Amino acid sequence: MKEYKKPLPQMSPWSAPFWDGCRRHELLIQKCQDCQAFNFYPKMYCSSCLSSNLEWVKASGKGKVYSHMTVYAYQPTEFADDVPYVVAIVELDEGVRMMTNIVGCPPDKVQCEMRVKVVFEKATDEITFAKFKPAN
Ligand SMILES: [Zn+2]
């Protein structure tokens with residue numbers, strides 16, 4: 001595997017289960033055990049009721065494009081080889097939204113409401129990214 005030279009996410013104690021899940025190719029989100037709300041990004045307290053009673057659950061990995069943009073030029077140069085690429089906000093069927101990339105599809109074919117499903121891309125032994133591709 002080629003050495004990964006782009007910036008990597010900083011793992012926090014409360015986000016580590018998400019990254020552990022990605023390494024196992026499982027998309028995990030938090031579910032509040034008090035009000036049943038799904039939460040993402042990883043939090044210490046439920047964004048609906050402020051409870052700390054959050055449990056990690058496996059998400060369906062399915063959703064739709066909520067918003068997207070295509071990057072044609074970028075600084076710093078670590079991403080230069082990737083252009084053009086799509087940065088998107090995907091709304092999972094569970095209702096939470098994730099910032100991610102759409103892959104496996106020409107950038108000009110990406111549309112809002114397009115159905116997508118998760119794919120995992122290993123960057124390093126510690127970090128695997130959850131990205132999305134068209135569902136059909
Ligand atoms: Zn809650």
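The structure presented is a predicted model; accordingly, all values stated were derived computationally and were not measured.

A. Molecular detail of the layout of surface pockets. What the largest pocket holds in volume is close to 800 Å³. In this structure, the largest pocket is lined by 30 residues; those nearest its centre are Met99, Thr100, Asn101, Phe129 and Lys131. Breaking the lining of the largest pocket down by element, the ones donating at least two residues are α1 (16–23), β5 (85–92), β6 (97–102) and β8 (128–134). Residue contributions to the lining of the largest pocket peak at 6 residues, all from β6. Here the lining of the largest pocket is composed, by residue class, of 23 nonpolar, 2 polar and 5 charged. There is about 270 Å³ of room inside the second largest pocket. As for the second largest pocket, its lining consists of 11 residues, of which Lys2, Glu3, Tyr4, Lys5 and Lys6 are closest to the centre. Split into classes, the residues belonging to the lining of the second largest pocket amount to 3 nonpolar, no polar and 8 charged.

B. Quick peek at the sheet that holds strand β2 (residues 38–39). Strand order in this open sheet of 3 strands is β2-β1-β3, and the pairing throughout is antiparallel. Of all strands in the sheet, those bounded by a partner on one side alone are β2 and β3 (54–58).

Cut-offs and rules
- Residues numbered from 1 in each chain as written.
- Predicted model: local features only at pLDDT ≥ 70, side-chain atom pairs only at ≥ 80, totals over all residues.
- Heavy atoms only, no water.
- 1 Å grid on protein atoms, 1.4 Å probe; cavity = no way out; pocket = protein on both sides within 12 Å on 5 of 7 lines; lining within 4 Å.
- Points joined across faces, edges and corners; volume = space filled by probe spheres on them.
- Helix = DSSP H or I, 4+ residues; strand = E, 2+ residues; numbered from the N terminus.
- Nonpolar A, V, L, I, M, F, W, Y, C, P; charged D, E, K, R; others polar.
- Pairing = 2+ DSSP bridges.

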